Amino acid sequence: MPVLPIVRLGHPALRTPAEPVVPARVVERAFQRLIDDMVETMRAAEGVGLAAPQVGFGLQLFVYEALDAEDPARGIPAIPLRAVINPMVEPLPGELVYDWEGCLSIPDLRGLVPRHPAVRVRGLDRGGGALDYVARGFEARIVQHEFDHLNGVVFLDRMRDLQSLAFYDEWERFLAESGAGARSAPPE
Ligand code: NI
């Protein structure tokens, strides 16, 4: 399975709303291959999520997965692999939570982003079946980040204050252990 090139900020694919996938096409070989390639690409880039526009496909599809961190003290829970097609994401009640995010299409930068603590996700899985589940915490953050990509939105647009925007090396040196969240902020 090939690793696909990830487009970076400035590429129009990141600013164009993605098209819904025709449900009957989900199980077609070409679409299944795209999902496999996206998973491979996400893992190769050591990210926790990847949306189709990030690899130049204007389709409503994202994948995500978080493995156990090497350092469990960093507190990243293991989140099983999911592929989500034609998603609807509905915020559940709760105060916004600020935590660090990065993005594979905005390499090296980290920033504090407010997100809903839990969301209801509806859509299709890679078998074409209906998905309806609640994502909470870090998984809810990933889902909101990837769903934004399907609407031409990146995490920078969601930041309330650009003062926390930092390059990774400086973030690690000065910010990682201070303020909200001490998470390693893997890119999405
Ligand atoms: Ni991203």
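Residues numbered from 1 in each chain as written. Predicted model: local features only at pLDDT ≥ 70, side-chain atom pairs only at ≥ 80, totals over all residues. Heavy atoms only, no water.

1. Points about the coordination of the nickel ion
All of the protein donors around the nickel ion are Cys103 (SG), His145 (NE2), His149 (NE2) and Glu188 (O); their distances to the metal are 2.1 to 2.3 Å. Around the nickel ion, the four donor atoms sit at angles spanning 95 to 142°, and that spread fits a shape best called irregular. Ordering the donors of the nickel ion by residue number gives the pattern C-x41-H-x3-H-x38-E. Note that Cys103 is positioned in strand β4 (residues 97-103) and Glu188 in the segment after α4 (168-175), a separation of 85 residues in sequence. What makes Cys103 buried here is its relative accessible area of 2%. (Donors = N, O, S within 2.8 Å, 3.2 Å for Na, K, Ca; no water. Tetrahedral: all angles 85-135°; square planar, octahedral: opposite > 155°, others 65-115°. Helix = DSSP H or I, 4+ residues; strand = E, 2+ residues; numbered from the N terminus. Buried < 20%, exposed > 50% of the residue type's maximum accessible area, 1.4 Å probe, protein only.)

2. Topic: unusual backbone geometry
Excluding glycine, most residues fall at negative phi; most peptide bonds, likewise, are trans. In this structure, Asn86 takes a positive phi of about 50° despite not being glycine. Its location among the elements puts Asn86 in strand β3 (residues 79-91). The backbone of Asp108 shows a phi angle near 80°, a positive value even though the residue is not glycine. Structurally, Asp108 is set in strand β5 (residues 106-115).

3. Focus on the environment of Ala24
Secondary-structure assignment places Ala24 in the segment before α1 (29-44). According to the relative accessible area criterion, Ala24 is exposed, its value standing at 60%. For the pair Ala24 and Gly128, spaced 104 residues apart in sequence, the C-alpha to C-alpha distance is 7.6 Å.

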